[in-house]
Every structure is written in structure tokens, then in C-alpha cells.
Amino acid sequence: MSREALTGSRIRERRVMAGQKQADLAKEIGISASYLNLIEHNRRRIGGKLLLNIANALGVEPTALTEGAEAALIASLREAADDAGLSGPEAGRADEFAGRFPGWADVLASAQRRIATLERTVETLTDRLAHDPHLAASMHELLTTAAAIRSTASILADTKTLEPEWRDRFHVNIDQDSRRLADSAQALVGYLEADPEASSVANSPQEEVEAFLAAHRFSFATLEVAGLDAGAIEKLTQAAPELQSVAGRHIAANVLQQVARDANALSISALRGALDTLGPDPVALAMQLDQPVARILRRMAALPELGAGLLVCDRSGTVIFRKSIDGFVVPRFGACCPLWPLFSVLGQTGVVARERLHQLGRASSEFDCIATCETLGPSSYNTPPLVQAVMLILPAREIASARLDVGATCRVCPRDGCPARREPSILYDGV
Amino acid sequence: MTKHVVLVEDETNIAEAIRFLLGREGWRVETLANGNAAVEVIRKARPDLVMLDVMLPGKSGFEILKELRADAGFADMPILMLTARGHARDREMAELAGVSRFMTKPFSNAEMLDAVRELTAPGSLTA
């Protein structure tokens, strides 16, 4: 019997272990007892929400029902062997090892899982260090102040005959800078200690989804072929080690459904063919392929050769999807720069904004950004539609005559006299 | 003849320390605290050396560097970049844009003075 077919038996086993009657479990999850009976006897396939509901009712992880403890254990052992570079006949004897030494096998598999979790945590925190604008700005402030103190202190220490006027001035400077350094260091420590996300950041559902999409390089060959196939989507989300939480899997499933709908409507090969003729012009491509511009933008972002980034925000302006592109900073914490076309098209369905953006501050790079807004769901009377905006970010390949200076987020944006500024930049004292 | 350096640095106390150190070596130090006017000032003054911070109000040090290097008349001008942004990527970007020397803060005075001497020595590739 296939592993998948045993899911029903595992549900039955778990239910009996929990001392729960079939009828009670069926009632709890909102299905008939006879249907649950069919499931438990492996006569009905089960997946999706029903599986999640049963797992939830039984208080187990869905994978415990679909994969089984032994399979998970052997998979962990194989992973450990692979990571350690164990090859040859021994590597293929994980089943035997687990059978002969179940206790030791459990220890090894637990250690392997712990290592994987810690690696993910390190990766997320490293990413956070690189992208948190507050942290980056604080470090910049510390280093700059340290540079001023070091330089001034060296002058005072090394210059034997320093004019009193200079000496007094440098003493004042050191006094000012050392106070500033102390304040900055204290603020930084306070920020790090007070941050409630510090321990949970590695597990935030949105970051799980980003890690999952990045691991797949934002490309899902299965869905390109299968289209909107709930089973294929479920398989992808259930098998993803990055998706640890139910919320993460839920968000990922939504993203994959969109990918599948787009793949169904517009194949990558058709898009590539039109791109060869028309170039990266989303409006012309949309006309040629008879597709909405938003879909064209999403599909273009899936083409590795374009090296494009993609952002999607909902009606509240919250970024709900991001495919990063080198040099274009999207803050993970706090609000984005409101000058981005992503936000200017919100609520203006049908409008396609195209803008050369020059992101100030960090990398000072230029990008061609195309954004549009689309409605979600069916229309209904007297109800404002839900909308989402999509922005494709292409690396600039030629010099543009006009460009819009934007930032990442106000706090670390150096733009002078910006009409959209929400708060002063910590890079200078102007507003 | 007195050598002339344009120092674009918004951190007053760092600018003051550099002004003292280079002044003692006989340099005339012109300081700007905002990037916006920098290119224009440098074009007019044609100094012997430009020292640039990266994170500046107005134009960033990278923008100033790119604009200067885009002008054939300033292709060989020695430009020393001093920045707290010491990522490999920043250094690479500066080098691609044509910086003569890239130094990260905090730097030692001796190291900075050595770089200035090397960049402006007769026969230096960028002098």
C-alpha cells in the first residue's frame, strides 16, 4: 500500500490512541461519521482543509498523518547523512539503522532537525541585520561617531605642540562625540532588547513564505504544467521545510494558487515568444497576449533572465508579496516610501504607471518600475472592490532623461524637502 | 604651491579633524556638508584631491563620484571615499564608479594621511 494511502489508517490510529469515538471526531470536524469511516479505511483521499481540521482536532501536525513517524525519522537520517557527506553503502542503510537502534536514530534525527532550525534562525537574523533600516542607521551612527572620536583623540595624543585654541576645540568635540556615542549605544541596546520580534522573527509566516519562494527561485515547474491543481499545491506546501506554521502554509498556498492561475492563462513559452518580439514592455505584451497587465508583471517577474523584482500590496498599502532585487531596498519593518508607483496606482484600476526610480541612500541605484492596480474577486452592487497593486522592478539598462528620487523608508532616506516625508531622517536633521 | 582639497563630509567633528590634519601638512581644505552643491564646486575649483563621505544630505557620495567620473575632465582626479558603510558591495560599487581609494570609518589618521600622500604624489596614477 502506498504511503499516501495509509493516511486514513494513521488517522484511525491517532483517534483510537486519543480515546475518541469516530462519531465524535466526525462531528467536531463537520463531516458525517460514515465519511470519516471511509477515510479511516483509506477508501477516500484526503488533503487540504479537511486534513488540517482533523490534525487540529487530534492535536497533531498534519505531516504526522500524511508521512508517518518512521518516514519522517528516516528522511531526517538521510538528510543528516547527506549533510555529513556520508556516501557509499552505509548511506543507504538508514532504515536498518532506525530499526536496530531506534533510540539513537531519534537522537540523531532530533539533532539534525535542531541544526536545521538553528540554521534558519541564523539566516533570518543575518538577513535582518542586512535589511533592518533602524539597525543599519544605528550602526552607521555608531561608526561615524567612533571615527570622529578616534581621529580627534589621536590628534590630541600625537601632537606635542598643539595650539591651545585647537586643543580646547578638540576637547569639546570629544566631549560631544563621546556623549553622542554613549547615547547611540544605549539606544541601540534598548532597541535590540526591547524588540519583541527578536525571538520570533525566524518564525514569522511572511518570512517563512519568502524563504520558501526563494528556495524555489520563484519558479514552480509543477504548476506550469499542472495549472490550478489543489493536490500539487498542497504537496508543495506540505513538503517545504521552510513552511513551519499553519499560517505560513496558508499564505504560501494563496501565492501558489495565483502562480497556478497565471500559468494556466499564460504560459512562460508564450510570454518569452512575445518578449522576443516586443521587448520588456508590459502594456504592449498585455495587448499582444490579451492578458491583464498585472498578470504580465507577475509572469515577467518569474523569468530568471529578466532579473526583475516584484512587489504586491493590498488595499491598505501593506506589502503582501516581495521578490527582492539587488539594490532596491524594501524595508522589512515600518512603512515603505509612499512615492513608489506601487502606491500611486492603488485605487486607480486600469492605470499603468511607468517610472524610472532612483533609490537614494543605500545603493543609489536606478530601476524601471511598472505598476498597476487590479480588482480582486467578483463584482457586486454598491460594494467597493478589493484591490491590489503590483509593481515590477527591472534593473535600469539605459540612461533615462527623467527619474524620480525615492527612498526605502523615511527614517533612512536622505531626500531633502520631500513632500511625502512622514518623519525626520536620522541621517540628517532636516524634515 | 598650496594644494587644495574639497572635503564633502556632513559630520562636523570629522571634518574639523581632517581640516586640522591636512592643514598642518600645508593643504587648503574646503569643506562642504551637503552633497547637492559638491559637483558644481569641484568643477569650478578643480582641486588636487576630493574626499567624499557616502551618506550625505542631498546627493550621496556615490552620485557625486559618478557625475565627476562621467566628465572626461575629471576622469583622473584623485577621489578618496571615507565611509562607515564598509560592506564589500559598497566597496565594489565605489570601485566600479571609479573611486581612487576607499576607506572605512573609523580610520586612523596615519592611514588617511598616507592615502592622501599616495594619491597626490607626483607620478601617482591618479594624480
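Position numbers for residues start from 1 in each chain and track the written sequence from start to end. Chains and ligands are labelled by the order in which they are written, letters from A for the one and numbers from 1 for the other. Two thresholds apply to this predicted model, a pLDDT of at least 70 for residue-level local features and 80 or more for giving and counting side-chain atom pairs, whereas whole-chain, interface and lining totals are computed over all residues.

Engineer: What should I look at first to understand the overall build of chain B in this one?
Structural biologist: In DSSP terms, a helix is any run of H or I states spanning at least four residues, a strand is any run of E spanning at least two, and both are numbered starting from the N terminus. Across its full length, chain B holds 5 helices and 5 strands. Helices (α) and strands (β) of chain B occur, in sequence order from the N terminus, as β-α-β-α-β-α-β-α-β-α. With 127 residues in all, chain B has 50% of them scored as buried. Sequence separation of 24 or more characterises 55% of the internal contacts of chain B that already satisfy a separation of 6 or more. Residue burial here comes from a neighbour count, namely the number of other C-beta atoms, placed from the backbone, that lie within 10 Å of the residue's own C-beta, with 20 or more meaning buried, 12 or fewer meaning exposed, and in between meaning partly exposed. For the purpose of contact definition, each residue receives a C-beta atom placed from its backbone, and two residues are in contact when these atoms lie within 7 Å.

Engineer: Quick question: what am I supposed to make of the overall build of chain A here?
Structural biologist: Tallying secondary structure elements over chain A gives 18 helices and 6 strands in all. For chain A, the proportion of its 431 residues judged to be buried stands at 31%. Within chain A, contacts between residues separated by at least 24 positions form 63% of all contacts whose residues are at least 6 apart in sequence.

Engineer: Whenever I open this one, unusual backbone geometry confuses me. Can you help?
Structural biologist: Outside of glycine, negative phi angles account for most residues, and trans bonds account for most peptide bonds. Geometrically, the link from Lys105(B) to Pro106(B) is a cis peptide bond, its omega value of 0° lying close to zero. Even without glycine at this site, Arg217(A) takes up a positive phi of about 50°. Mapped onto the fold, Arg217(A) is located in the loop between helix H11 (205-215) and helix H12 (221-226). You can call Arg217(A) exposed: it has 10 C-beta atoms within 10 Å. At Asn382(A), a position not held by glycine, the phi torsion is positive, near 50°. Inspection of the secondary structure puts Asn382(A) in the loop between strand S4 (365-376) and strand S5 (386-395). On the neighbour-count criterion, Asn382(A) (4 C-beta atoms within 10 Å) is exposed.

Engineer: Would you mind going over the packing of H11(A) against helix H14 (residues 246-265) of chain A with me for this structure?
Structural biologist: Any two packed helices are characterised by how steeply their axes cross, that is the angle between the axes, and by the distance between the axes. All names here are of chain A. It is at 8 Å that the axes of H11 and H14 come closest, and there the two elements cross at 50°. Here H14 runs oblique to H11, going by the angle between their axes. As for how H11 packs across H14, the hand of that crossing is right-handed. The residues of H14 that touch H11, namely those facing Pro205, Gln206, Glu208, Val209, Phe212 and Leu213, are Ala247, Gly248, Ile251, Ala252 and Val255. Its residues assigned to classes, the contact of H11 with H14 shows 8 nonpolar, 2 polar and 1 charged. Note on geometry: axes are lines fitted to C-alpha atoms, helical ones only across the stretch in contact, with angles between N-to-C directions running from 0 to 180 degrees. Any angle that is under 35 degrees is reported as roughly parallel, and any over 145 degrees as roughly antiparallel; angles of 65 to 115 degrees are reported as roughly perpendicular and all others as oblique. With the far helix as reference, a near helix turned anticlockwise by less than a right angle produces a left-handed crossing, and one turned clockwise produces a right-handed crossing. Residue classes follow a fixed rule: Ala, Val, Leu, Ile, Met, Phe, Trp, Tyr, Cys and Pro count as nonpolar, while Asp, Glu, Lys and Arg count as charged, and any other residue, Gly among them, counts as polar.

Engineer: Help me understand helix H17 (residues 293-301) of chain A in this model?
Structural biologist: Residues that lie three or four places apart on an α-helix share one face, since the helix turns once every 3.6 residues. Counting buried positions along H17(A) yields 8 of 9 residues, so the element is predominantly enclosed. Three or more residues of H17(A) are buried, namely Val293(A), Ala294(A), Arg295(A), Ile296(A), Leu297(A), Arg298(A), Arg299(A) and Ala301(A).

Engineer: Looking at this model, I keep getting lost on the interface of chain A and chain B. Mind explaining?
Structural biologist: How big an interface is tends to be stated in terms of the accessible area lost upon association of its parts. Taken together, the contact between chain A and chain B spans 24 residues of the former and 23 residues of the latter. Among the secondary structure elements, those contributing two or more residues to the side of chain A that touches chain B are helix H9 (133-158) and helix H10 (164-194) of chain A. Element by element, the count of residues in the side of chain A that touches chain B is highest for H9(A), at 11 residues. Split into classes, the residues belonging to the side of chain A that touches chain B amount to 11 nonpolar, 10 polar and 3 charged.

Engineer: For this particular structure, what's the right way to read the sheet that holds strand S4 (residues 79-83) of chain B?
Structural biologist: Think of a sheet as strands paired side by side through backbone hydrogen bonds, with each pair either parallel or antiparallel. Residues and elements named next belong to chain B. Paired strands, in this sense, are two strands between which DSSP finds at least two bridges. Pairing is parallel in the open sheet, where 5 strands are placed in the order S2-S1-S3-S4-S5. Of all strands in the sheet, those with a lone pairing partner are strand S2 (27-32) and strand S5 (101-104), marking the two edges. With direction set aside, neighbouring strand axes in the sheet form an average angle of 20°. In terms of strand pairing, strand S1 (residues 3-8) meets strand S3 (residues 49-52) through 4 bridges, oriented parallel. Within S3, the position partnered with Leu7 by the bridge is Met51. Contacts between helix H2 (residues 38-45) and the sheet are confined to S1, S2 and S3, with S1 contributing the most and set at about 175° to the helix. Relative to the sheet, helix H5 (residues 109-120) contacts S1, S3, S4 and S5, its axis offset from that of S5 by approximately 175°.

Engineer: Would you take a moment to explain H14(A) for this structure?
Structural biologist: All names here are of chain A. A rise of 1.5 Å per residue sets the reference length of H14, with its 20 residues, at 28 Å; its end C-alpha atoms lie 29 Å apart and thus fit the reference within 8%. Taken together, the buried positions of H14 are occupied by Gly248, Arg249, Ile251, Ala252, Leu256, Val259, Ala260, Asp262 and Ala263. Where the residues of H14 are buried, they touch H11, H12, helix H13 (230-239) and H17. Helix span is expected to be 1.5 Å times the residue number reduced by one.

Engineer: Looking at this model, I keep getting lost on the nonpolar core. Mind explaining?
Structural biologist: Soluble globular proteins: nonpolar side chains tend toward being buried together. To define a nonpolar core, we join buried Ala, Val, Leu, Ile, Met, Phe, Trp, Tyr and Cys residues through C-beta atoms within 7 Å and take the resulting set. Ranked by internal contacts, the top residues of the largest apolar core, which has 48 residues, are Val8(B), Ile18(B), Met51(B), Leu65(B), Ile79(B), Leu80(B) and Met81(B). A total of 7 residues in this core trace back to one element, the largest contributor, which is helix H1 (residues 12-24) of chain B. Every residue in contact with Met51(B), bar those within four places of it in the chain, is listed here: Val5(B), Leu7(B), Val8(B), Ile18(B), Leu80(B) and Leu82(B). Counting residues in hydrophobic clusters, the runner-up holds 47 residues, among them Ala294(A), Leu297(A), Leu342(A) and Val412(A).

Engineer: I keep staring at the packing of helix H2 (residues 22-29) of chain A against helix H3 (residues 33-40) of chain A and nothing clicks. Help me out?
Structural biologist: Residue and element names in this part refer to chain A. Between H2 and H3, whose axes approach to 8 Å, the crossing angle comes to 105°. The orientation of H2 with respect to H3, classified from their angle, is roughly perpendicular. Together, Gln22, Ala23, Leu25 and Ala26 of H2 and Ala33, Leu36 and Asn37 of H3 make up the contact between the two elements. In terms of residue class, the contact of H2 with H3 is made up of 5 nonpolar, 2 polar and no charged.

Engineer: Sorry, what's going on with the environment of Ala81(A) here?
Structural biologist: Residues and elements named next belong to chain A. Structurally, Ala81 is set in helix H6 (residues 69-83). The partly exposed category is assigned to Ala81, around which 19 C-beta atoms lie within 10 Å. Taking the C-alpha atoms as reference points, Ala81 and Gln112, 31 residues apart in sequence, are found 9.6 Å from one another. Those residues in contact with Ala81, other than ones at most four positions away along the chain, are Leu86, Ala91 and Ala94.

The values reported here are purely geometric and, on their own, carry no functional implication.
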